[in-house]
There are 2 protein chains.
Amino acid sequence: MNQEIPYKIYLEESELPTAWYNVRADMKKKPAPLLNPATFQPMTAEELGTVFCEELVKQELDDTTAYIEIPREIRDFYKMYRPSPLVRAYCLEEKLQTPAKIYYKFEGNNTSGSHKLNSAIAQAYYAKKQGLKGVTTETGAGQWGTALSMACAYLGLDCKVYIVKCSYEQKPFRREVMRTYGAAVTPSPSDTTEIGRKILKEHPGTTGSLGCAISEAVEVATHTEGYRYVLGSVLNQVLLHQSVIGLETKTAMDKYGIQPDIIIGCAGGGSNLGGLISPFMGEMLRGEKKYQFIAVEPASCPSLTRGKYAYDYCDTGMVTPLQKMYTLGSGFIPSANHAGGLRYHGMSAVLSELYDQGLMEARAVEQTSVFEAAEYFARVEGILPAPESSHAIKVAIDEAKKCKETGEEKTILFGLTGTGYFDMVAYEKYNNGEMTDYIPTDEDLKAGFDGLPKVPDNR
Amino acid sequence: MNQEIPYKIYLEESELPTAWYNVRADMKKKPAPLLNPATFQPMTAEELGTVFCEELVKQELDDTTAYIEIPREIRDFYKMYRPSPLVRAYCLEEKLQTPAKIYYKFEGNNTSGSHKLNSAIAQAYYAKKQGLKGVTTETGAGQWGTALSMACAYLGLDCKVYIVKCSYEQKPFRREVMRTYGAAVTPSPSDTTEIGRKILKEHPGTTGSLGCAISEAVEVATHTEGYRYVLGSVLNQVLLHQSVIGLETKTAMDKYGIQPDIIIGCAGGGSNLGGLISPFMGEMLRGEKKYQFIAVEPASCPSLTRGKYAYDYCDTGMVTPLQKMYTLGSGFIPSANHAGGLRYHGMSAVLSELYDQGLMEARAVEQTSVFEAAEYFARVEGILPAPESSHAIKVAIDEAKKCKETGEEKTILFGLTGTGYFDMVAYEKYNNGEMTDYIPTDEDLKAGFDGLPKVPDNR
């Protein structure tokens, strides 16, 4: 019946977005400003400019310009791996025997294996344009570090990646991909920074943490001439760049007259979800259309479903500005969930504000059920998904099953952010029946909340 | 100037081939028939039917039908990951400062990571259609085993993969992908077969070989009710299925008025090269057009450039029929080259015959130069290539550099068969400067030639 819609919708290169969409411009109540942790005053462009590139600071602070042009050089890079396909999941629909129509935007068809490349090239480009020598960053699961290495190799920019020590050791292949792209990869904590040496002295056997890696990357950026720090999620600028996902999706859907009812994405820091929903959320904010948005997070790290909306540090090392967001507290240590990209205590300020306004729902799911959905999906649709992306798959399948019960022909759209080729240790655990679930108790969460900074605005 | 040609040409689903092209139909001198090793008489369909599915036996023996319809079910599966993009390597051209125009057909955008899926789904489909319960196969590098697992999971067919023991241990992630798709993966030699038990008794510490894995897979297929054996390369049927690569490429090129001068592919058993060049070779055989075809093989396993054109076993275990092909002898043990997919002593009968007739060239390249080209390509074009595919990249770059010297504006087309995400051990060796080259001496080769079967036709 719907066979006129192909399995995969690829836009023409001429249909690619020429500007990113900034959803903040359409928000009546804007996300709260970043605060200086010493003064509790809004961070100025000058203050942010010591850490980030000038152009990116502008994008970070701009909450009124709806469309920001994508420079031609970035558009050319995008053409090497974009447009990404919008896939009609015919096989999944048939297998589920659901009247629902299921679509997913697949961002995994590039060597970084995820959507992270969309922002990596933008951030590297502005660094290069500013005449910088290089950038520093941290990576946990390794997708962001890989994406940044690729972008820097393309532009001839130096790239220093601090990778959490346990990832460095457990994921040697991720490390090698980054090295192949010429990045300097250092396990964190390391003796290359003051904070690293301090931590190593205090905790000699530590396997590191994302918070510590951020602190090291920021220290190197701010103490080395010609370097700036870049970040793969959470920030407004990252959501802006990732809007390319949603813009392409919307163009493809409009072209075929497809109208989604439910839009689903996994949410760690929020980069993919924010990017996917932005243009659709814009329509809803302007009162043009209505959609049901669902953020999916791991039950082991439930920042939206069980967190507090408060000012908090973006990192565990407490070196970053304060951001108002749904958070479990920067001191909250998430359990060893296999979706490393979702193990973050906070959430994008934009998404937090939209969620607080009731414009978006959130669901927390347990990882064994996520891997069950992942394997089911892989066998039916042929793509082995990343553990992060599989959170969205799980809820998309749940919603499609509901449609089977009610007979509703809803159109479900979800973001398939990446592939799981470097996550086979997790799949092995699942295949061997050794995977466990963990849900923090209220007591576990209390410790994180107790550590929230004493900002006047925090109730 | 050529900017009207996009970075990536994607065909519409309606433009996908509806029939495979059988290049043997246009060959005046056909490839020699398979021989029964006991009688030296051509293998009959009945004899082949004990090992292979009926429909595949027909395809194996049919050297007169030019176009064979692709069943709708296979076309539907193809739509999940095809058309694959034909990429214009604008960035590579610019980096090389060459007047050459470079295109590559990229087959790596699917979870199996290579073109192998094109034949896997076809072979699994015919097995299912014949009412079989399952199929058996062997895998070395793991790409074929992964592809077959995916196809069998999709069709609900049982899949038993014998994987060379050293690969099973060194590439646990490949193994896990296959398990995730529901395949039973057994390290070879194993105690599940007579031949496996025999080899284990004679060589207790052995880490296995592809030849032994083939022998085990064939034994299980022929001794288990409802099972047949399938193979990922070398056979005529595999080249037939892989013609989908060349057919798509030709349609895309014709659409944009692109005329290749040189067509390059890596060659192990010949499946990708044969598939890519088939329709172009057909034009040349029919006297319509002229192309320069180049097969690229590893210097460590130089079956075309230094082998003999003779009847030989397809496996080291000497259980298969005899095929006339360029071979180093089934007893030749290739050194531990990292392009596992190219470590094969022989070559497709079709390609061997075309090469013997002077219709195709061959070049042998050393692996350190191949990885140098691979890393260069990855940084410029953004795709981390498989070691096998990188052999074609190496020669494509060489040819583009020649054009720079001569000023010729040649159009170069090569096959990028897959991605290197499961080959990071090899990249690590290269990055650490620990990779070495090996070229067999004439003495090394003599041993292999001495073991060739005493078929009357062998000179």
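Parameters at a glance
Residues numbered from 1 in each chain as written. Chains lettered and ligands numbered in written order. Predicted model: local features only at pLDDT ≥ 70, side-chain atom pairs only at ≥ 80, totals over all residues. Heavy atoms only, no water. UniProt positions renumbered as here; feature names shortened; annotations may be inferred. Helix = DSSP H or I, 4+ residues; strand = E, 2+ residues; numbered from the N terminus. Rg over C-alpha atoms; globule rule 2.2 N^0.38 Å. Buried < 20%, exposed > 50% of the residue type's maximum accessible area, 1.4 Å probe, protein only. Contact = heavy atoms within 4.5 Å. Areas by Shrake-Rupley, 256 points an atom, 1.4 Å probe, with all protein chains shown as cover. Phe/Tyr/Trp six-rings, centres within 6.5 Å; stacked < 30°, edge-to-face > 60°. Lys NZ or Arg CZ within 6 Å of the ring centre and 35° of its normal. Pairing = 2+ DSSP bridges. Axes fitted to C-alpha atoms, helices over the stretch in contact; angles between N-to-C directions. Parallel < 35°, antiparallel > 145°, perpendicular 65-115°, else oblique. Nonpolar A, V, L, I, M, F, W, Y, C, P; charged D, E, K, R; others polar. Least-squares fit on C-alpha atoms with pLDDT ≥ 70 in both. Expected span 1.5 Å × (residues − 1). Buried area = accessible area lost by both parts, 1.4 Å probe. Salt bridge = Lys/Arg side-chain N within 4 Å of Asp/Glu carboxyl O. Polar contact = N/O pair within 3.5 Å; in protein donor to acceptor, adjacent residues only side chain to side chain. Lys, Arg positive; Asp, Glu negative; His and termini not counted.

Per an unreviewed UniProt entry, chain A carries the name tryptophan synthase and comes from Candidatus Limivivens merdigallinarum. We quote the UniProt Function (unreviewed entry) comment for chain A here in full: "The beta subunit is responsible for the synthesis of L-tryptophan from indole and L-serine."

The next subject is the overall build of chain A. Of the regular secondary structure elements, chain A holds 18 helices and 15 strands. Computed over C-alpha atoms, the radius of gyration of chain A comes to 21 Å, within 12% of the 23 Å expected from 2.2 N^0.38 for 459 residues, which places it in the range of a compact globule. Oriented by its inertia axes, the alpha-carbon framework of chain A measures out at about 65 × 50 × 50 Å. Burial status across chain A gives 66% buried among its 459 residues. Considering only residue pairs separated by 6 or more positions, chain A has 77% of its internal contacts joining residues 24 or more positions apart. Counting only carbon and sulfur atoms, one obtains 50% of the accessible surface of chain A, whose full area is about 16000 Å².

Okay, the packing of aromatic side chains next. This model, assessed by the stated rule, comprises 37 aromatic pairs over all chains. Consider the rings of Phe371 of chain B and Tyr427 of chain B, whose centres lie 5.2 Å apart with planes at 75 degrees: the pair is edge-to-face. Note that Phe371 of chain B is positioned in helix α15 (residues 367-381) and Tyr427 of chain B in helix α17 (residues 424-431), a separation of 56 residues in sequence. Both residues of the pair, Phe371 of chain B and Tyr427 of chain B, count as buried. One aromatic cluster is present, formed by Phe77, Tyr78, Tyr81 and Tyr154 of chain A through successive ring pairs. Looking at Lys308 of chain A, its charged tip hangs above the ring of Phe449 of chain A, at a distance of 4.9 Å from the centre.

Once that is clear, we can look at the sheet that holds strand β7 (residues 158-164) of chain A. By definition, the strands of a sheet pair up through backbone hydrogen bonds, in either a parallel or an antiparallel sense. Residues and elements named next belong to chain A. As summarised here, the arrangement of the 4 strands in space is β8-β7-β6-β9, forming an open sheet in which the pairing is parallel. Each of the sheet's edge strands pairs with one partner strand only, and the pair in question is β8 (184-188) and β9 (227-229). Taking each pair of neighbouring strands and ignoring which way they run, the sheet shows an average axis angle of 25 degrees. Where strand β6 (residues 134-139) meets β7, 6 bridges bridge the pair, whose relative direction is parallel. Looking at the pairing, Glu138 lines up with Tyr162 of β7. Across the sheet, helix α6 (residues 143-155) is in contact with β6 and β7; its angle to β6 comes to roughly 160 degrees.

Right, let's get into unusual backbone geometry. Note: most peptide bonds trans; most residues except glycine with negative phi. All names here are of chain A. Omega for the bond connecting Arg82 with Pro83 falls within 30 degrees of zero, at -5 degrees, which places this linkage in the cis form. Assignment of secondary structure puts Pro83 in the loop between α3 (72-81) and β4 (86-88). Of note, the phi angle at Val234 is positive, near 65 degrees, even though the residue is not glycine. Along the polypeptide, Val234 turns up in the loop between β9 and α11 (236-255).

Next up on the list: the packing of helix α15 (residues 367-381) of chain A against helix α17 (residues 424-431) of chain A. Residues and elements named next belong to chain A. Closest axis-to-axis distance for the α15/α17 pair is 11 Å, and the angle between their directions is 100 degrees. Taken together, the axis directions place α15 and α17 in an arrangement best described as roughly perpendicular. Contact with α15, carried on its side by Thr368, Phe371, Glu372, Ala374 and Glu375, involves Ala426, Tyr427, Tyr430 and Asn431 of α17 and no other residues of that element. Broken down by class, the residue content of the contact of α15 with α17 amounts to 5 nonpolar, 2 polar and 2 charged.

Here we take up helix α8 (residues 172-180) of chain A. Residues and elements named next belong to chain A. Within α8, 7 of the 9 residues are buried, which leaves the element mostly enclosed by the surrounding structure. Taken together, the buried positions of α8 are occupied by Phe173, Arg174, Arg175, Glu176, Val177, Met178 and Thr180. The positive-phi residue at the C-terminal boundary of α8 is Gly182, with phi of around 85 degrees.

Attention now goes to the relation of the copies chain B and chain A. With an RMSD of 0.0 Å, the fit of chain B onto chain A corresponds to turning through 180 degrees and sliding 0.0 Å along the axis. Within this description, the copies of the chain are treated as partners about a two-fold rotation axis. Closest approach to the rotation axis among the C-alpha atoms of chain B is made by Asn109 of chain B, whose C-alpha sits 3.0 Å away. Here 100% of the contact residues of chain B are again contact residues in chain A; the copies associate through an equivalent surface.

Residue and element names in this part refer to chain A. Taking 1.5 Å as the rise per residue, helix α10 (residues 210-223) with 14 residues should run 20 Å; its terminal C-alpha atoms sit 20 Å apart, in good agreement. For α10, the tally of buried residues reaches 11 of 14 residues, placing the bulk of the element in the interior. Where α10 is buried, its residues touch β6, β7, β8, α9 (194-202) and β9.

So, on to the sheet that holds strand β1 (residues 8-9) of chain B. Residues and elements named next belong to chain B. Taken in spatial order, the 7 strands line up as β1-β4-β5-β15-β10-β11-β14 in an open sheet, and their pairing is mixed. With one partner strand each, in any of the chains shown, β1 and β14 (361-365) form the two edges of the open sheet. Inspection of the sheet shows strand β4 (residues 86-88) paired to strand β5 (residues 101-106) by 3 bridges, in the antiparallel sense. Across the sheet, Val87 pairs through a bridge with Tyr104, a residue of β5. This element, helix α16 (residues 387-406), spans β5, β10 (262-266), β11 (292-298), β14 and β15 (411-416) of the sheet and lies at about 150 degrees to β10.

In this assembly, 43 residues from chain B lie in contact with 43 residues from chain A. Between chain B and chain A, roughly 4000 Å² of surface is buried when both sides are summed, and carbon and sulfur atoms account for 56% of that area. Our count for the chain B to chain A interface comes out at 2 salt bridges. Arg175 of chain B is paired through a salt bridge with Glu428 of chain A; the nearest N and O atoms lie 2.9 Å apart. Taken together, chain B and chain A are joined by 28 residue pairs in polar contact (both at pLDDT 80 or more). Elements that contribute at least two residues to the side of chain B that touches chain A include exactly α3 (72-81), α6 (143-155), α8 (172-180), α15 and α17 of chain B.

What follows covers the side chain of Glu219 of chain A. All names here are of chain A. Summarising the element assignment, Glu219 is placed in helix α10. The buried charged residue Glu219 lacks any salt bridge partner; its closest oppositely charged side chain belongs to Arg197, at an N-O distance of 5.2 Å. Not counting residues up to four positions away in its chain, the partners in contact with Glu219 are Thr193, Glu194 and Ile195.

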